[in-house]
Amino acid sequence: MDFSQMFQNIFRLLTEYWHVYLLEGVKNTMILTVIAVLLGTVFGSLVAFLKMSRFKIVRFFASVYIEVIRGTPILLQLYVFYFILPELFPLLNFTDFIWVAIALCVNSAAYVSEIIRSGIQAVDKGQTEAARSLGLSNTQTMLRIVLPQAVRNILPALGNEFIMILKETSLASTFFIGDLMTSHKIVAGAEYLQLESQIIVGTIYLCITFPLSKLVGWFEKRMANPNSYKNHNRKRALMAGGRIGEK
Amino acid sequence: MEMIKTVDLHKSFGDLHVLTGVNETIHKGEVVSIIGPSGGGKSTFLRCLNLLETPEKGHIFFDGVEITGKKVDIDLHRQKMGMVFQQFNVFPHLTVEENITLAPKMLKKKTAAEASEMAKDLLNRVGLLEKLNEMPGNLSGGQKQRLAIVRALAMEPDVMLFDEPTSALDPEMVGEVLDVIKGLVSTGMTSVIVTHEMRFAEEISDRVLFIADGNILEEGTPEQIFHNPTHPRLQEFLRKVL
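Residues numbered from 1 in each chain as written. Chains lettered and ligands numbered in written order. Predicted model: local features only at pLDDT ≥ 70, side-chain atom pairs only at ≥ 80, totals over all residues. Heavy atoms only, no water.

(A) How the structure looks around the overall build of chain A. Along chain A, the regular secondary structure elements total nine helices and zero strands. Along chain A, from the amino end to the carboxyl end, the secondary structure elements read α-α-α-α-α-α-α-α-α. Taking 18 Å as the expected radius of gyration for a compact globule of 247 residues, we find that chain A reaches 22 Å, considerably beyond that expectation. With the principal axes as the frame, chain A shows a C-alpha extent of 70 × 50 × 35 Å. (Helix = DSSP H or I, 4+ residues; strand = E, 2+ residues; numbered from the N terminus. Rg over C-alpha atoms; globule rule 2.2 N^0.38 Å.)

Laid out in structure tokens, this is it:
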């Protein structure tokens, strides 16, 4: 293999197509990922609470949703949202991009709901007992005692979910919806330079995911320190215009 | 005056019949210690008193009200029953002060200023005033347990329930916690204490209950229980622990 030729090709592709990779591909990939994780978190929180409901039937439906989504390939789910749902609901005049975004949200929500549920259940049961023994109601206990502690279990896992979804958006390129992998297909197809373009997009993916995973790791470490709560409280005190502890 | 009364209290965990019809009355101002072998039902009995465990059968009366009845707002009654746990269960995301003031403020028993004033007063009593703005993660086990005690006291309860308050502590910290409990019961606080500290139980209790095999097998003054035990199970238990 002629490496110098390969480097020249990569350089050429970058100068000629950088906007296709970055302005189109990375932009759309980020948009898809952010939408999927944000809405996935909102919807996933709801599912998490349904899964912890005291009514068996509600728990059952939440479980079915989670198991179906987590037990089938995301590519299959994308097919369903891309081919079947638009047929079933012809009145919903969504673009392909939107259908794919919805599919990713639905997928992400299932995973996020499990992240949230396990984050909540990982909070020591004694915390709930102590709060209830003081006379706090179930809801008060959840809001003031359990959730603030669960957040530190949940946030790092959500960061990992963000990285997962970011990579999984590449499957959406099956439908040419303009993500980074679509950019690769366009450029590689036009220039007949598969390997070179693969190296470029691979590097771009890595450049995004690697710092993110480092950030998640740093965050996890910080969360393990008991004093990290202090900063959170200090921020809250500042926001409330309150006085900061003397320390 | 009757403070807590249980009638025919039953509790099972699966096939395990943990409480087999306990009848007991705790009077106002009384200090009652509960001793007995592990797995005998001491903690379960205590945790039933504020319904952290729901009994399958039987009745619990608190201050004349049946809290096991339907349509009872247990949260309201729990405000009057302080509880201290073996594992402290202080709130790690709140400062020492917030640990104490959270419940009184949330449940509208005190204004923020009153609650804060009381927190300082209580912390001062247990020698933790300088920890006011610390996070509980920086406290020792003994300090955490003292914090847990004053957190419960901040609700101005009518009765305090202690569930093996020193069992999770390093030996050198047991004393400081027992001293706080001693100080508290000397003020006349009605207390029910599950404990493995026999000398402590003998010293502070008005009455001692020996619970084993799911029921109270013997009860009496510390003198009777520790020096003239009659039930063979109690005699055997004391031989082992003393």
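(B) Just the interface of chain A and chain B, in detail. Counting residues at the interface gives 26 residues for chain A and 29 residues for chain B. Buried area between chain A and chain B, both sides added, is near 2400 Å², and the carbon and sulfur share of it is 57%. For chain A, the biggest contributors to the area lost against chain B are A:Glu129, A:Ser133 and A:Leu134; these three give 24% of the whole. Measuring nitrogen to oxygen at the nearest pair gives 2.9 Å for the salt bridge that ties A:Arg132 to B:Asp75. Connecting chain A to chain B are six residue pairs in polar contact (both at pLDDT 80 or more). Elements supplying a minimum of two residues to the side of chain A that touches chain B: helix H5 (125-133), helix H6 (138-168) and helix H9 (228-239) of chain A. The element best represented in the side of chain A that touches chain B is H5(A), accounting for seven residues. (Contact = heavy atoms within 4.5 Å. Buried area = accessible area lost by both parts, 1.4 Å probe. Salt bridge = Lys/Arg side-chain N within 4 Å of Asp/Glu carboxyl O. Polar contact = N/O pair within 3.5 Å; in protein donor to acceptor, adjacent residues only side chain to side chain.)

(C) Structural detail: the confidence of the model for chain A. Residue-level pLDDT values for chain A average 90, and 91% of them are 70 or greater. Low pLDDT, under 50, characterises residues 237-247 of chain A; the predicted model gives this stretch nine contacts beyond four residues in sequence or across chains. (pLDDT = per-residue confidence, 0-100.)

(D) Just the packing of aromatic side chains, in detail. Enumeration over the complete set of coordinates arrives at ten aromatic pairs over all chains. Taken together, a centroid distance of 5.9 Å and an interplanar angle of 70 degrees make the contact between A:Phe43 and A:Tyr65 edge-to-face. Taken together, the positions of A:Phe43 in helix H1 (residues 3-51) and A:Tyr65 in helix H2 (residues 56-71) put the pair 22 residues apart, joining distant regions of the chain. Look at A:Tyr65 and you get buried, because its relative accessible area is 19%. On the numbers, 5.8 Å between centres and 35 degrees between planes, the contact of A:Tyr79 with A:Phe83 is tilted. Of the two residues, A:Tyr79 and A:Phe83 are both situated in helix H3 (residues 74-88); the distance of four residues between them amounts to about one turn of the helix. Under the relative-accessibility criterion, A:Phe83 is labelled partly exposed at 46%. An aromatic cluster is built from A:Tyr79, A:Tyr82, A:Phe83 and A:Phe175, whose rings are joined through pairwise contacts. The ring of B:Phe61 is capped by B:Lys5, whose NZ or CZ atom sits 5.8 Å from the centre of that ring. The ring of B:Phe91 is capped by B:Arg151, whose NZ or CZ atom sits 4.4 Å from the centre of that ring. (Phe/Tyr/Trp six-rings, centres within 6.5 Å; stacked < 30°, edge-to-face > 60°. Buried < 20%, exposed > 50% of the residue type's maximum accessible area, 1.4 Å probe, protein only. Lys NZ or Arg CZ within 6 Å of the ring centre and 35° of its normal.)

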